[in-house]
Every structure is written in C-alpha cells, then in structure tokens.
Amino acid sequence: MDGDPGVGDVLRRQVRAAIPVVVLGEFRYGIAQSKRRASYEAWLDSNLIHFDVLSVTDETAIAYAALRVTLKRSGRPIPANDAWIAALALQHRLPVLSRDEHFDVVPGLDRTSW
C-alpha cells in the first residue's frame, strides 16, 4: 500500500477507520525489517491516532474458531491471520480493505478494494 493514493481515497470516504491489532502487528513487523524503518515508524505513530485499533477478545476468538471451521469444511480455508482479521471485521460490522480475494469466501464479510 506504500504510496498508493487509492488506499487514502477509500479511507477518506469512511465514517470510521479501524485497524485490527493483527494488521498493526504485520505493519510493525514489516517496518522493523525496512530500510526506511525510521520514516515508516514516524508515519505510523503520527497516523495511528486516526484509527480505532480493534483488539482480540473472547468474542473474537469464538467467531474466529467458528469461521475457520466453516471455511475448512467448505474446502476454502484462508490464512490464519486473515481469519483473525475477518473475525474482527465481522464482530465490529466493518468491511475489510484488501486486494486479497480470499476474503470473498467469508460469509457475511464485505471486502472493499482500491
């Protein structure tokens, strides 16, 4: 998403913007390995205040487990971290902003792309 104006365009049209804690962890992991670590950390720290950070709760864990079972039985599993992201989005009734089409197999989940 680095430097892609389409992401910002989509986010500016939203009433609420949130980042699942799982995504925040992935961001921080990527930043930690980047040659531009300092500038990315500064950007994240200055922009994180504009987002709700969605934490995993017991309710999320129940939804996560049910989702993984449903997807496994349907023969269409998705990566574990993406299942956490989907469970949080469903719990908070929010769409997922992603180009990953495997989110489209999650029942009841809306995926927005750019």
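Note that this is a predicted model, so its numbers are computed, not measured. Here the residue index of a chain counts from 1 through its sequence in written order. Restriction of local features to residues with pLDDT of at least 70 applies here, the model being predicted, together with a cutoff of 80 or more for giving and counting side-chain atom pairs; totals for whole chains, interfaces and linings are based on all residues. The basis for every side-chain value is the complete set of non-hydrogen atoms in the structure, without hydrogens or water.

Here we look at the packing of aromatic side chains
For any pair of aromatic rings, the description consists of the separation of the ring centres together with the inter-plane angle of the planes. Note on ring pairs: Phe, Tyr and Trp rings are taken, using the six-membered ring of Trp, and paired if centres are within 6.5 Å. Classes follow the plane angle, with under 30 degrees stacked, over 60 edge-to-face and the rest tilted. In this structure the tally under the stated criterion is one aromatic pair. Look at Tyr 64 and Trp 84: their rings are 3.7 Å apart centre to centre, the planes differ by 5°, and that puts the pair in the stacked class. Highlighted residues: Tyr 64 in helix 4 (residues 58-73) and Trp 84 in helix 5 (residues 80-91), separated in sequence by 20 residues. In this structure Tyr 64 comes out as buried when scored by relative accessible area, which is 13%. Think of it this way: any DSSP run of H or I at least four residues long counts as a helix, any run of E at least two long counts as a strand, and we number them from the N terminus. A 1.4 Å probe rolled over the protein chains alone gives each residue an accessible area, and that area as a share of the maximum for its type sets the label: buried under 20%, exposed over 50%, partly exposed in between.

A closer look at the side chain of Thr 60
Considering the arrangement of structural elements, one finds Thr 60 in helix 4. For Thr 60, a relative accessible area of 0% translates into the label buried. Distance and chemistry together define a polar contact, namely a pair of N or O atoms within 3.5 Å, with one atom able to donate a hydrogen and the other to accept it when in protein, and with adjacent residues in sequence counting only for side-chain atoms on both sides. There is a polar contact of 2.3 Å between the side chain of Thr 60 and the side chain of Gln 91. The contact criterion used is simple: two residues touch if any of their non-hydrogen atoms lie within 4.5 Å. Once residues lying within four places of it in the same chain are set aside, the contact partners of Thr 60 are Ser 55, Trp 84, Ala 87, Leu 88 and Gln 91.

Quick word on the nonpolar core
Working definition of a nonpolar core: buried Ala, Val, Leu, Ile, Met, Phe, Trp, Tyr and Cys residues. They are joined through side-chain atoms within 4.5 Å. The biggest cluster of nonpolar side chains holds 23 residues, and the ones touching the most others in it are Val 106 and Leu 109. For this core, the elements supplying multiple residues, two or more each, are helix 2 (21-32), helix 4 and helix 5. Here this core gets five residues from one element, more than from any other, and that element is helix 5. Those residues in contact with Val 106 that lie beyond four places of it in its chain are Leu 67, Leu 71, Ile 78, Ala 86 and Leu 90.

Considerations on unusual backbone geometry
Comment: phi is negative for the bulk of residues other than glycine, and the bulk of peptide bonds are trans. Although it is not a glycine, Arg 93 sits at a positive phi angle of roughly 55°. Note on placement: Arg 93 falls in the loop between helix 5 and strand 3 (96-97). Arg 93 sits in the exposed class, given a relative accessible area of 76%.

What about the packing of helix 2 against helix 5?
Between N-to-C directions, angles span 0 to 180 degrees; the directions come from axes that are lines fitted to C-alpha atoms, helices contributing only their stretch in contact. Taken N-terminus to C-terminus, the directions of helix 2 and helix 5 make an angle of 140°; their axes are 8 Å apart at the nearest point. Between helix 2 and helix 5, the interaxial angle falls into the category oblique. In this structure, helix 2 contributes Val 21, Val 22, Val 23 and Glu 26 to the contact, and helix 5 contributes Asn 81, Trp 84, Ile 85 and Leu 88. In terms of residue class, the contact of helix 2 with helix 5 is built from six nonpolar, one polar and one charged. Angles are sorted into four bins: roughly parallel if under 35 degrees, roughly antiparallel if over 145, roughly perpendicular if 65 to 115, and oblique for all others. We call Asp, Glu, Lys and Arg charged. Ala, Val, Leu, Ile, Met, Phe, Trp, Tyr, Cys and Pro are nonpolar, and the rest, Gly among them, are polar.

A few points about the pattern of salt bridges
Any Lys or Arg side-chain nitrogen found within 4 Å of a carboxyl oxygen on Asp or Glu counts as a salt bridge. Inspection of every chain in the model, using the stated rule, returns three salt bridges. Between Arg 28 and Asp 45 there is a salt bridge whose closest N-O contact spans 3.6 Å. Separated by 17 residues along the polypeptide, Arg 28 in helix 2 and Asp 45 in helix 3 (residues 37-47) bring together distant segments of the chain. A residue is classified by how much of its surface remains accessible, and Asp 45, at 47% relative accessible area, is partly exposed. A salt bridge links Glu 41 to Arg 37, with the shortest nitrogen-to-oxygen separation between them at 3.0 Å. With Glu 41 and Arg 37 both in helix 3, this residue pair falls four residues apart, about one helical turn. Given the relative accessible area of 42%, Arg 37 is considered partly exposed.

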